[in-house]
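Each chain is listed here by its residues.
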Amino acid sequence: TDRLEELAAKVRAKGGVMHPVAMDVEDPASIIAGFNEVEKALGPVDITIANAGLNAQGASTELEADALAQLIRVNIQGVYLTAREAAKRIIVGANAERGRIILLGSVGSQKPLAGLTAYSMSKAAVAMMGKGFAREWARHGLTVNTICPGWIATELNSEWLASDGG
């Protein structure tokens, strides 16, 4: 949240509007509270980017069950619940015709990444989730897309990208 507040200050200094909200995507009540806070501060939501993600690197034979469960809760369930809450609000609101939901997949959505089978699996689920949501919510005028970026330096992969393999 500190980094988001710093970014918000920069956005506001340039005349933009930004209202950071801390949200735990593993907790449905936190997601609802986050949307409530945003709508209280900025009005109805018409665009949401569901960008939850964490990594569980290592051999599939060695990945702890707890690490796999958390990865599924964040990367699949968290994205699903965030997009679902956005859709509920957009569909019943006045913004359905211009509503947009964007899910973040990964290059791992399309092909398994070495040593990242669980991560790739979770991002493949996000890609299919986006197709399903798009089909289901199109009749309400809500557009859903999934972006599956390649290698971008983030906190998830910066150490690897700095290595010889990266």
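Our structure is the block above this text.
This section reports on the structure supplied with the text. (Residues numbered from 1 in each chain as written. Predicted model: local features only at pLDDT ≥ 70, side-chain atom pairs only at ≥ 80, totals over all residues. Heavy atoms only, no water.)

**Some remarks on the side chain of Asp-46**
No. 1: With respect to the helices and strands, Asp-46 occurs in the loop between helix H2 (28-42) and strand E1 (47-50).
No. 2: In this structure Asp-46 comes out as buried when scored by relative accessible area, which is 14%.
No. 3: Here Arg-98 takes part through its side chain, which lies 2.4 Å from a polar atom of the side chain of Asp-46. (Helix = DSSP H or I, 4+ residues; strand = E, 2+ residues; numbered from the N terminus. Buried < 20%, exposed > 50% of the residue type's maximum accessible area, 1.4 Å probe, protein only. Polar contact = N/O pair within 3.5 Å; in protein donor to acceptor, adjacent residues only side chain to side chain.)

**As for H2**
No. 1: For H2, with 15 residues, the first-to-last C-alpha span of 21 Å sits near the 21 Å given by 1.5 Å per residue.
No. 2: By the burial criterion, the buried members of H2 are Ser-30, Ile-31, Gly-34 and Phe-35. Buried residues along H2 cover an arc of 135 degrees about the axis, so they all sit on one side. Exposed side chains of H2 directed beyond 90 degrees from the buried face belong to Ala-29 and Lys-40.
No. 3: Contact partners of the buried residues in H2: E1 and helix H3 (65-92).
No. 4: The residue sitting at the N-terminus of H2 and contributing the capping side-chain oxygen is Asp-27; that oxygen lies 3.1 Å from the backbone nitrogen of Ala-29. (Expected span 1.5 Å × (residues − 1). Arc of directions from axis to C-beta. Contact = heavy atoms within 4.5 Å.)

**Observations regarding the packing of H3 against helix H4 (residues 117-137)**
Two packed helices can be described by the angle between their axes and the distance between those axes.
No. 1: Across the interface, H3 lies against H4 with an axial gap of 9 Å and an inter-helix angle of 15 degrees. In terms of orientation, H3 and H4 fall into the roughly parallel class. Here H3 and H4 pass one another in a crossing that is right-handed. Two secondary-structure elements touch here, H3 through Leu-68, Leu-71, Ile-72, Asn-75, Ile-76, Val-79, Tyr-80, Ala-83, Arg-84, Ala-87 and Ile-91 and H4 through Ala-118, Tyr-119, Met-121, Ser-122, Lys-123, Ala-125, Val-126, Met-129, Phe-133 and Trp-137.
No. 2: Broken down by class, the residue content of the contact of H3 with H4 amounts to 17 nonpolar, 2 polar and 2 charged. (Axes fitted to C-alpha atoms, helices over the stretch in contact; angles between N-to-C directions. Parallel < 35°, antiparallel > 145°, perpendicular 65-115°, else oblique. Left-handed = near helix turned anticlockwise from the far one by under 90°. Nonpolar A, V, L, I, M, F, W, Y, C, P; charged D, E, K, R; others polar.)

**Structural notes on the packing of aromatic side chains**
The relation between two aromatic rings is expressed through the spacing of the ring centres and the mutual angle of the planes.
No. 1: Going through the model one piece at a time under the given rule, you end up with 2 aromatic pairs.
No. 2: On the basis of an interplanar angle of 50 degrees and a centroid distance of 5.2 Å, the ring pair of Tyr-80 and Phe-133 is categorised as tilted. Taken together, the residues Tyr-80 in helix H3 and Phe-133 in helix H4 connect sequence positions 53 residues apart.
No. 3: With a centroid separation of 4.2 Å and an interplanar angle of 10 degrees, the aromatic rings of Phe-133 and Trp-137 are classed as stacked. Of this pair, Phe-133 and Trp-137 both sit in helix H4, 4 residues apart, roughly one helical turn. The same class applies to Phe-133 and to Trp-137, which are both buried.
No. 4: A network of ring pairs unites the aromatic residues Tyr-80, Phe-133 and Trp-137 as a single cluster. (Phe/Tyr/Trp six-rings, centres within 6.5 Å; stacked < 30°, edge-to-face > 60°.)

**Looking at helix H1 (residues 2-13)**
No. 1: When the terminal C-alpha atoms of H1 are compared, their 17 Å separation across 12 residues agrees well with the 16 Å that a helix rising 1.5 Å per residue should span.
No. 2: The positive-phi residue at the C-terminal boundary of H1 is Gly-15, with phi of around 90 degrees.

**What to know about the pairing of strand E2 (residues 100-104)**
No. 1: The pairing of E1 with E2 spans 4 bridges and is parallel. Bridged to Ile-49 within E2 is Ile-102.
No. 2: Two elements, E2 and strand E3 (residues 143-147), share 5 bridges in a ladder whose sense is parallel. Residue pairing for E3: Ile-101 is matched across the bridge by Val-144.
No. 3: You can see the chain leave E2, run along H4 and come back into E3, and the turn it takes is right-handed. (Pairing = 2+ DSSP bridges. Right-handed = clockwise from strand over helix to strand, strands pointing away.)

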